Amino acid sequence: MASDVILLGERSEIKPPRRIARRGSLSWFALVTVTFFTFAFLYVPIAVLIAFSFNSARTGATWQSFSLQWYERVFSNTRILEAAANSLIVAVLATVGSVVIGTLMAMAMERYQFRTKLAWDAILYLPVIIPEIVMGISLLIFFATISLSRGIVTLVISHIAFCMPFVYLTMRARLADFDKSLEEAAQDLGADEWTTFRRITLPLLMPGIISSALLAFTLSLDDFVISFFVTGVGSQTLPVYIWGQIRRGITPEINAISTLMLLLSIVLVIVAQLIQRRQRT
Amino acid sequence: MLQVLRERRALRIAGLMAPGGAWLFLFFLIPLLIMAGISFLSRDRLGFPTFPLTLQNYWEIVRDIRFAPSISLEGGLTIRLLEGLYLELFWRSIWLSLLSTLVTLAIAFPVALFMARLPPRYRTLALFLVMIPFWTNFLVRTYALQFMLRSNGPINTLLRTIGLEPIDLLFTPAAVMLGLVYGNLPFMILPLYTSLEKFDWTMIEAANDLGADALRAFHRVMLPLISPGLLAGSILTFVPAIGSYITVELMGGGRTNMIGYAIAQQFSASANWPFGSAMSLLMMIIVTFAAVLYFRSGRGEYRNVI
């Protein structure tokens, strides 16, 4: 595979610089080798996990025979299905919430100048550089202080809080590229502000909104650390359930769930890529 | 008229900012402030915060620091000047996180460079291959790595089949390092790649033509231009590393303790909320300090060139 890449690499329109990693040179081969082993390092554990999710043996890593029994177990285990449902509910609500308020904030920050803008700029970056564990325990303390019992509500509140800055950053980048003259043209032609927003601004922002929604959805679905601290009995999300099972050492079903979650991630990546491509053309 | 317009403008800004601002204020800033407040409270019998105000929690962290110079050869050469339970915990966390960031960078840079130099069609494929682990659940990926390395996992089973002794691969500082690098690699590769993809290679040639050698061209031309990706990747690797909980538990079995894990324990098993809050606040200060320092150095580099 590596040699294929090198051969086909000749077609590149980027002219290789004189000294850094010319194709076919020693340093180029070094790059190919490092890249190959890095991808192997990233993918071998995942591939092994998928393979063993089809293994009929209960323990150990000895291959017995092909079996779908762990998948059957997953789909007949009500606790897993409940956890999956909780995860989906939280992810959908967190996505809607964070996309709406994040987009509005991005519009204000990109289009207007105001006194507290600099402070907000810093505050909106904070959740990105503060370790998840700190956010998790501070929310735990907060919900305990206001005696809000932990459950779906606290999960959704927390997920919106940590997804929103990422939506904001994505939308702000999109808004920076936004051609404002289109809005002005619409208003010159007699459209009122609401019509302009609905017919011009929103459709043009749609690709950005969709990709930030995908980002928020994935972030929410993947979160373990924050959810772990703000979840209650009976409102476990899927990652929190998986964590409990791994710690108890019960794993064959976990291999199957993990494979399913991996499949979902691949689907999401493909969707995101397709949206980006459509946007470019 | 102007007055009305100005008021309408202010109202619009307020309307757009209010929902998000209120949310961040209520569910991000206030919780952090309460946490900071609790770090100055005492603990009751169950480990929950209670009055009176005290500095005990911070004193606890530094109390046992002693001047005790020592040199040991176990696990490589270790030279120590100071000794102290929490001092060592903080030092180990910072050290392991920094080292894992450097190792991740050392692996990710050639990969990102290679990807950026691929023809567009293959670039999309390579990007896709990085995106999948990037978007896959961190817990699931760490679990996959742990599954591989278990005492009865595929690697050891393979060793046994070919007649070799199984080896203990998990529950060591090295295993934690491996887990951190494995988990964070995609978060380093992607931003680096984004910067490298935009890099105009003819700039290097220009530098060479103007008499710069490869090292100088890299340092003065390439580094400043790819520093946004470098900064983003390092922050996205260092911050989760120092606060890591999943990796410490799954790869280290809780034996190689790090700050994030120690904090979590104060809120579960051996409950002591005020003490956990104090440690959190200290960690936040360390991370923010590191981030500010790092961003400064990056900008300095940039100024140097312009």
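What you see is a predicted model, and the numbers here were worked out from it, not measured in a lab. (Residues numbered from 1 in each chain as written. Chains lettered and ligands numbered in written order. Predicted model: local features only at pLDDT ≥ 70, side-chain atom pairs only at ≥ 80, totals over all residues.)

### Some points on the packing of helix H2 (residues 26-52) of chain A against helix H3 (residues 85-116) of chain B
Definition in use: An axis is simply a line fitted to the C-alpha atoms; with a helix, the fit covers only the stretch in contact. Between two such axes, the angle follows the N-to-C directions and lies from 0 to 180 degrees. Where helices and strands are cited, they refer to DSSP runs of H or I of at least four residues and of E of at least two residues respectively, numbered from the N terminus. Any angle that falls under 35 degrees is termed roughly parallel, while one over 145 is termed roughly antiparallel, one within 65 to 115 roughly perpendicular, and all others oblique. Handedness of each helix crossing follows the sense of rotation of the near helix against the far helix: counterclockwise by less than a right angle gives left-handed, clockwise gives right-handed. Here the contact rule is simple: place C-beta atoms from the backbone, and any two residues whose C-beta atoms are within 7 Å are in contact. In this classification, Asp, Glu, Lys and Arg are treated as charged, Ala, Val, Leu, Ile, Met, Phe, Trp, Tyr, Cys and Pro as nonpolar, and every other residue, Gly included, as polar.
Direction vectors running N to C along H2 of chain A and H3 of chain B enclose 110°, while the axes themselves pass 9 Å from each other. Considering the angle they form, H2 of chain A stands roughly perpendicular to H3 of chain B. Once H2 of chain A is placed against H3 of chain B, the crossing between them reads as left-handed. Touching Leu31, Val32, Val34, Thr35 and Thr38 of chain A of H2 of chain A are Ile107, Pro110, Val111, Leu113 and Phe114 of chain B, all from H3 of chain B. Split into classes, the residues belonging to the contact of H2 of chain A with H3 of chain B amount to eight nonpolar, two polar and no charged.

### What about helix H11 (residues 238-248) of chain A?
Every α-helical turn comprises 3.6 residues, leaving residues that sit three or four positions apart pointing alike. Basically, it comes down to this: Residues with at least 20 neighbouring C-beta atoms inside 10 Å of their own are called buried, those with 12 or fewer are called exposed, and the rest are partly exposed, where every C-beta is derived from the backbone.
Among all positions in H11 of chain A, only Leu238, Pro239, Val240, Tyr241, Ile242, Trp243 and Ile246 of chain A are buried. Just downstream of H11 of chain A, Gly249 of chain A is the residue with a positive phi angle, here 85°.

### Some remarks on the interface of chain B and chain A
Of the residues lining the interface, 73 residues belong to chain B; the matching set on chain A comes to 73 residues. The dominant element in the side of chain B that touches chain A, judged by the number of residues it contributes, is helix H1 (residues 2-38) of chain B, at 17 residues. A breakdown of the residues in the side of chain B that touches chain A according to their chemical character gives 57 nonpolar, 13 polar and three charged.

### Comments concerning the confidence of the model for chain A
Interpretation of this model should avoid reading the predicted coordinates in detail wherever pLDDT is low. Residue and element names in this part refer to chain A. Definition in use: Values of pLDDT, which run from 0 to 100, indicate the predictor's confidence residue by residue.
The pLDDT averaged across chain A works out to 83; a share of 89% of its residues lies at or above 70. The spread of mean pLDDT over the elements of chain A runs between helix H1 (residues 2-9), the lowest at 32, and helix H6 (residues 132-145), the highest at 93. Counting contacts from residues 1-16, a segment whose pLDDT is below 50, to residues more than four positions away or on other chains yields 19 contacts.

### Structural notes on the confidence of the model for chain B
All names here are of chain B. Confidence in the prediction of chain B, expressed as mean pLDDT, is 83, and 92% of residues score 70 or more. Within chain B, helix H5 (residues 138-149) carries the highest mean pLDDT (91), whereas strand E4 (residues 78-83) carries the lowest (68). Long-range and interchain partners of residues 300-306, a stretch whose pLDDT sits below 50, account for seven contacts in this model, where long-range means more than four residues apart.

### Quick look at the domain arrangement of chain A
Keep this limit in mind: Where each domain begins and ends follows an automated or database-derived domain assignment.
For chain A, the assigned domains are domain 1 (2-52) and domain 2 (77-280). Of the residues in the side of domain 1 of chain A that touches domain 2 of chain A, the class split is four nonpolar, no polar and no charged.

### Looking at the nonpolar core
Inclusion rule: Any nonpolar core is a set of buried residues, restricted to Ala, Val, Leu, Ile, Met, Phe, Trp, Tyr and Cys, that join up through C-beta atoms within 7 Å.
Formed by 149 residues in total, the largest nonpolar core has its most connected members in Ile137 and Leu139 of chain A together with Ala108, Ala112, Ile189 and Leu192 of chain B. Ranked by residue count, the leading element in this core is helix H7 (residues 173-198) of chain B, at 15 residues. A domain split of this core shows at least three residues from each of domain 1 (2-52) and domain 2 (77-280) of chain A. In contact with Ile189 of chain B, other than residues within four places in its own chain, are Ala108, Val111, Ala112 and Val130 of chain B.

### Quick notes on the packing of helix H7 (residues 152-176) of chain A against helix H9 (residues 193-222) of chain A
Residue and element names in this part refer to chain A. Taken N-terminus to C-terminus, the directions of H7 and H9 make an angle of 150°; their axes are 9 Å apart at the nearest point. Viewed along their axes, H7 and H9 adopt a mutual orientation that is roughly antiparallel. Crossing handedness for the pair H7 and H9: right-handed. Residues His159, Cys163, Phe166, Val167, Thr170, Met171 and Arg174 of H7 touch H9, and the partners they reach there are Leu205, Gly208, Ser211, Ser212, Leu215, Ala216, Leu219 and Ser220. Residue composition of the contact of H7 with H9, grouped by class: eight nonpolar, six polar and one charged.

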